[in-house]
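So the chains spell out like this:
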Amino acid sequence: MHQVEEIEIPQGSFGTTRWLPVHRFGEPSAGPKIYVQAALHADETPAMLVAHHLLHRLVEADDAGQIAGEIVVVPFANPLGLSQRMLNMHIGRGDLAGGGNFNRNFPDVSSAAIASLKGLLGKDARENDRLVRTALRESTRALRGYLELDALRATLLGLAIDANIVLDLHCHFEGVTYLYCNDAGWPAAAALSAQAQSVATLLSTGGAGGSFDEACDLPWVRIKEAYPDVPLAHGCIAVTMEYRGQADVSDDLAAFDADAIIRFLQRSGAITGDPGEIPDALCDATPVDAVDHVRAFTPGIIVHKVALGESVVEGQIVAEIVSPEAPLSTPRTILRSRTDGVVFGRLFSRIARPGTAFLSIAGQDPAKVKDGLGDPYP
Ligand SMILES: [Zn+2]
């Protein structure tokens, strides 16, 4: 059965009410729980169109009696960010009220869950799995915050924290299809990477920034570390799906992307039906720490020399910076890739600001790209 719920976010101001739409299919405990949300970065519109197509497909599956688990979809996850405009531009990535990047600083409920599980886990792996999900739910329910943004984060995490699979739908400014997955969820997510035709699949050990996917699946890693001797499988595959660039809003693309999710859910047992053959993967998974975030250290005009999706080699010129104020005889600043890899994303702006990353290349070796300059896209 398809049910739609509206969860009100505690008010940040009088005269304003915000709410989250929550679509539910299937029954809790009937099979794996799947959680999908779109556009936590509120200006990442392709993600919302994928969720729209996905909902149509799920309604069809529901009408055909094919839902075999519990599926929860939030087709727009950030009503705060949706409302932000400045000079007629939509600002959806960060909180204009000062709360930072909307996909950072999600609460980590690991410690609370570990404490509440003390003495409870035994020899039965299935029972341990159930106890952990209960502890995660209760730890998330206990989160407190007075700000509207804290409430939004706690609400989203509360919807997802006990899921077996979490898909957080995003996009880059300009980009190809790529995805992020934590090590613990790999290779279980390999079928999704191939089905989605990901051009770069980036694995991390997590823990750096409190992104939504990490907040959902790293507690399983921490709980296993705290209780290494009990049988407990990693219980959550959390993947951030990056659906190209912000302007890549197309029914054909979104239908393809939603279909890939449906096939992955069929393979995961949440929907019945034949997912067909897994297509050949377009990439191997590579470490997120091996991404070369190309930065300029002088202001100027960015002239790209490589295309999105293009494979490059170490030392290849990827961009040039033109200074409009320098004498015409001044050579351009040449920027080269520090790694072999594939170009998967870049900023809209063609104005270089010193230290700002504007182009990303998925490489293989973290040692080649270490720069200690921190979050490339804060
Ligand atoms: Zn995003």
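So, how was this worked out
- Residues numbered from 1 in each chain as written.
- Predicted model: local features only at pLDDT ≥ 70, side-chain atom pairs only at ≥ 80, totals over all residues.
- Helix = DSSP H or I, 4+ residues; strand = E, 2+ residues; numbered from the N terminus.
- Rg over C-alpha atoms; globule rule 2.2 N^0.38 Å.
- Buried ≥ 20, exposed ≤ 12 C-beta atoms within 10 Å, placed from the backbone.
- Contact = placed C-beta atoms within 7 Å.
- Domains from an automatic or database assignment.
- Expected span 1.5 Å × (residues − 1).
- Arc of directions from axis to C-beta.
- Axes fitted to C-alpha atoms, helices over the stretch in contact; angles between N-to-C directions.
- Parallel < 35°, antiparallel > 145°, perpendicular 65-115°, else oblique.
- Left-handed = near helix turned anticlockwise from the far one by under 90°.
- Nonpolar A, V, L, I, M, F, W, Y, C, P; charged D, E, K, R; others polar.
- Core = buried A, V, L, I, M, F, W, Y, C linked by C-beta atoms within 7 Å.
- Pairing = 2+ DSSP bridges.

1. Some points on the overall build of the protein
Within the protein, the regular secondary structure consists of eight helices and 22 strands. For the protein, whose C-alpha radius of gyration is 21 Å, the value lies close to the compact-globule estimate of 21 Å for 378 residues. Each of the three principal axes of the protein carries a C-alpha extent, and together these read 70 × 50 × 45 Å. In the protein, buried positions account for 44% of the 378 residues. Across the protein, contacts joining residues at least 24 apart in sequence account for 72% of those joining residues at least 6 apart.

2. Some words on the domain arrangement of the protein
The domain architecture assigned to the protein consists of domain 1 (3-283) and domain 2 (287-368). For domain 1 and domain 2, the distance between their C-alpha centres works out to 31 Å. Across the contact, 13 residues belong to domain 1 and 12 residues belong to domain 2. Going through the elements one at a time, strand E10 (174-175), strand E11 (177-182) and strand E12 (200-204) are the ones with two or more residues in the side of domain 1 that touches domain 2. Counting residues per element, the side of domain 1 that touches domain 2 draws most heavily on E12, which supplies four residues.

3. A closer look at helix H4 (residues 125-141)
Given a rise of 1.5 Å per residue, 17 residues ought to cover 24 Å, and the 24 Å separating the end C-alpha atoms of H4 matches this to within 8%. Those residues of H4 not exposed but buried are Asn128, Leu131, Val132, Ala135, Leu136, Ser139 and Thr140. Taken down its axis, H4 places every buried residue within 165° of arc, on the same side. Turned more than 90 degrees away from the buried face of H4, the exposed residues are Arg126 and Arg141. Packed against the buried residues of H4 are helix H3 (110-116), helix H5 (148-160) and helix H7 (212-226).

4. Structural notes on the packing of helix H1 (residues 45-63) against helix H8 (residues 251-268)
Two elements in contact, H1 and H8, have axes whose closest approach is 8 Å; the angle formed by their N-to-C orientations is 55°. When the interaxial angle is binned, H1 and H8 end up oblique. H1 and H8 meet at a crossing whose hand is right-handed. Packed against H1, whose contacting residues are Pro46, Leu49, Val50, His53, Leu54 and Arg57, the element H8 presents Ala254, Ala255, Asp257, Ala258, Ile261 and Ile262 at the interface. Residue composition of the contact of H1 with H8, grouped by class: nine nonpolar, one polar and two charged.

5. Here we look at the nonpolar core
Most often, soluble globular proteins keep nonpolar side chains buried together rather than apart. Ranked by size, the top nonpolar core spans 105 residues in total, and within it Val50, Ala51, Leu169 and Val239 carry the most contacts. Take this core: its biggest share by element is nine residues, from H1. Mapped onto the domain boundaries, this core takes at least three residues apiece from domain 1 (3-283) and domain 2 (287-368).

6. Describing the sheet that holds E12
Taken together, nine strands build an open sheet; the order of strands is E1-E2-E4-E3-E9-E13-E11-E12-E14 and the sheet is mixed. Sheet topology places strand E1 (3-9) and strand E14 (285-287) at the edges, where each strand pairs with a single neighbour. Geometrically, the sheet is characterised by an average inter-axis angle of 25° between neighbouring strands, direction not taken into account. Bridging between E11 and E12 involves five bridges; their strand directions are parallel. Counterpart to Cys181 in the pairing with E12 is Leu203. Relative to strand E13 (residues 237-245), H7 is tilted by about 160°, and along the sheet it contacts strand E9 (165-172), E11 and E13.

7. Focus: the environment of Val36
Tracing the backbone shows Val36 in strand E3 (residues 33-38). Among the residues examined, Val36 registers 28 C-beta atoms within 10 Å and is labelled buried. Along the sequence, Val36 and Ile261 sit 225 residues apart, while their C-alpha atoms lie 9.8 Å from each other. Sequence-distant contacts of Val36, defined by excluding residues within four places in its chain, comprise Ala51, Leu54, Val73, Leu167 and Leu169.

8. Section: H5
With 13 residues, H5 ought to run about 18 Å at 1.5 Å a step, and its terminal C-alpha atoms sit 19 Å apart, in line with that. Burial analysis of H5 places 11 of its 13 residues in the buried class, the great majority of the element.

9. Overview of the sheet that holds strand E21 (residues 351-352)
Pairing within the open sheet is antiparallel, and its four strands lie in the order E19-E18-E16-E21. Because the sheet does not close on itself, it has two edges, and the strands there are strand E19 (333-336) and E21. Examined bridge by bridge, strand E16 (residues 300-304) and E21 share two bridges and lie antiparallel to one another. Bridge pairing in E21 places Gly300 opposite Ala352.

10. Topic: unusual backbone geometry
A cis amide bond, omega 10°, links Trp186 with the succeeding residue Pro187. Mapped onto the secondary structure, Pro187 falls in the loop between E11 and helix H6 (190-195). Although it is not a glycine, Ser29 sits at a positive phi angle of roughly 70°. For Ser29, the location among the structural elements is in the loop between strand E2 (18-26) and E3. Despite not being glycine, Gln197 has its phi angle at roughly 55°, a positive value. Position of Gln197 relative to the elements: it lies in the loop between H6 and E12.

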